[in-house]
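Residue-level listing of the chains:
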Amino acid sequence: MKLHSADTHELGCSGCRDNEHQTFNLSFAFQPIVRASTRKVVSYEALARGPEGQGFAFVRDQINSDNLYNFDQTCRVRAIELATRLKINVALNINFTPNAVYRPELCIRTTLAAAQKYGFPVEKIHFEVTESEEIREKTHLVNIIETYKKLGFTTVIDDFGAGFSGLNLLAEFQPDYIKIDRALIDHVDQRPARQAIIQGVILTCRKLNIDILAEGVEREEEYRWLAHEGIDLFQGYYFAYPGFKQLPGVPDELF
C-alpha cells in the first residue's frame, strides 16, 4: 500500500468513516514513567489490554488490515477517556501505528476532538511510534512527527535500538525523547558492549537535544548504572507493573 497516494488517503478516511461505529473489545492498563531526580511520576503509558485485563495478544487478534486505521483511532479516544476518568494529572503516553495514519493533519482530528471532549490538555499527550514496526515510507513518518509537534504533542520513538532504522531515524527527525529498548537494558550493568552502545546513544541525544528514557528496567543494578550515566527517565517492572484500569504508584525507596 502506498501511503503517499491521494487515492489511498481518501480510501483510509472513508474506511474510518464507514467503520465509525465498529467496536473493539479492549481496555487499558497504565504503567508509570518516573523522573529519578524528582522521584515523581511524570506520565503513564496506556497499554492496550483485553476487557478483563487479558494481554495484548488478545487485542492483537482483533486487528487486521481492514480495521487497522479504525483500531488506531479507537485506541487513542478510549485511552484519553479512561485517563480522564482515572484523573491522570500528569502526561499520557499513547502508542500509535504510523502505517495506519493516512494524512496526519486529518487523522489527528479524532484525537483533538477527544482531548477537547474530555478536557485532557493536548500538551500532556505523548505520542509513541514503535521503532520495531517496519515503516513503509520514512518520509511519511517524518511528516506525522512534524505535524504532531506543530500541534503541541510530545513525540517519542519507542523500542529504540530494537527495530529497523536505529540511529538513521534521528538523522531524519528529532523526537522530544526516545525510549531505549529492553534488549539493551537487560543486565546492562554486566554487559560492556551494551554499556558502550547506550553511552553512544546518550552522547548523540545530548548533541541533538533529545531526552532519553530507559524502558523495561527490571533490576536495581540496571537502574543504578543507567542513572549514573545521566539517564533521568525510567519505566519498568522495577518501579511498577502496569495497573489494569488503575494508576500504580512508585515507592520513594526505589530511588
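Coordinates for the structure precede this section.
Residues numbered from 1 in each chain as written. Predicted model: local features only at pLDDT ≥ 70, side-chain atom pairs only at ≥ 80, totals over all residues. Heavy atoms only, no water.

(A) Geometry of the side chain of Thr154. Positionally, Thr154 belongs in strand β5 (residues 154-160). A relative accessible area of 15% places Thr154 in the buried class. Ignoring any residue separated from it by four or fewer positions in sequence, one finds Thr154 in contact with Glu123, Ile125, His126, Phe127, Asp176 and Tyr177. (Helix = DSSP H or I, 4+ residues; strand = E, 2+ residues; numbered from the N terminus. Buried < 20%, exposed > 50% of the residue type's maximum accessible area, 1.4 Å probe, protein only. Contact = heavy atoms within 4.5 Å.)

(B) Summary view of unusual backbone geometry. The residue Lys87 is not glycine, and still its phi comes out positive at about 60°. Topologically, Lys87 is positioned in the loop between α3 (68-85) and β3 (91-96). The backbone of Asn209 shows a phi angle near 60°, a positive value even though the residue is not glycine. Among the secondary structure elements, Asn209 is positioned in the loop between α9 (192-208) and β7 (211-214).

(C) Spatial organisation of the environment of Tyr69. When you line up the elements, Tyr69 lands in helix α3. Taking the relative accessible area as the measure of exposure, Tyr69 reaches 8% and is therefore buried. It is 6.8 Å that separates the C-alpha atoms of Tyr69 and Val101, two residues lying 32 residues apart in sequence.

(D) The arrangement of the packing of aromatic side chains in detail. What the rule picks out here adds up to 14 aromatic pairs. Here Tyr223 and Tyr238 contribute two aromatic rings whose centre-to-centre distance is 5.8 Å and whose plane-to-plane angle is 25°, an arrangement assigned as stacked. In this pair, Tyr223 is assigned in helix α10 (residues 220-228) and Tyr238 in the loop between β8 (233-234) and β9 (243-244), connecting sequence segments 15 residues apart. Aromatic rings pair up to connect Tyr223, Phe234, Tyr238, Phe239 and Phe255 into one cluster. (Phe/Tyr/Trp six-rings, centres within 6.5 Å; stacked < 30°, edge-to-face > 60°.)

(E) Focus on the packing of α3 against helix α5 (residues 109-118). At a closest axis distance of 9 Å, the pairing of α3 and α5 adopts a crossing angle of 15°. As summarised for this structure, α3 and α5 are arranged roughly parallel, according to the angle between their axes. Note on packing geometry: the crossing formed by α3 with α5 is right-handed. Contacts between α3 and α5 involve Gln73, Arg76, Val77, Ile80, Glu81 and Thr84 on the former and, on the latter, Thr110, Thr111, Ala114, Ala115 and Tyr118. (Axes fitted to C-alpha atoms, helices over the stretch in contact; angles between N-to-C directions. Parallel < 35°, antiparallel > 145°, perpendicular 65-115°, else oblique. Left-handed = near helix turned anticlockwise from the far one by under 90°.)

(F) Examining the nonpolar core more closely. If you look at the biggest cluster of nonpolar residues, it comprises 67 residues, and the most contacted ones within it are Ile178, Ile198, Leu226, Phe234 and Phe239. Sequence-distant contacts of Leu226, defined by excluding residues within four places in its chain, comprise Ile185, Val188, Ile198, Ala214, Val217, Ile231 and Phe234. Counting five residues, the second-largest nonpolar core is a separate cluster that includes Val156, Tyr177, Leu213 and Leu233. (Core = buried A, V, L, I, M, F, W, Y, C linked by side-chain atoms within 4.5 Å.)

(G) Here's a closer look at the pattern of salt bridges. Within the structure shown, the criterion is met by 14 salt bridges. Between Glu222 and Arg182 there is a salt bridge whose closest N-O contact spans 2.9 Å. With Glu222 in helix α10 and Arg182 in helix α8 (residues 182-185), this pair connects stretches of sequence that are 40 residues apart. Here Glu222 falls in the buried class, since its relative accessible area comes to 0%. Across the pair Glu222 and Arg219 runs a salt bridge whose closest N-O atoms are separated by 3.5 Å. (Salt bridge = Lys/Arg side-chain N within 4 Å of Asp/Glu carboxyl O.)

(H) Layout of α3. In this model α3 runs 26 Å from its N-terminal to its C-terminal C-alpha over 18 residues, within 8% of the 26 Å that 1.5 Å per residue would give. Listed as buried for α3 are Tyr69, Asn70, Phe71, Asp72, Gln73, Thr74, Cys75, Arg76, Ala79, Ile80, Leu82 and Ala83. Two residues or fewer past α3, Lys87 is found with a positive phi of approximately 60°. (Expected span 1.5 Å × (residues − 1).)

(I) Structural detail: the pairing of strand β2 (residues 40-49). Burial runs high along β2: seven of the 10 residues are buried. Two elements, strand β1 (residues 27-35) and β2, share nine bridges in a ladder whose sense is antiparallel. Across the sheet, residue Arg35 finds its bridge partner in β2, namely Lys40. Counted along the chain from β1 to the antiparallel partner β2, the turn is four residues long, and its residue Arg39 has a positive phi close to 60°. For β2 and β3, the ladder comprises four bridges, and the chain directions are parallel. Its bridge partner lying in β3, Ala46 is registered against Ile94. (Pairing = 2+ DSSP bridges.)

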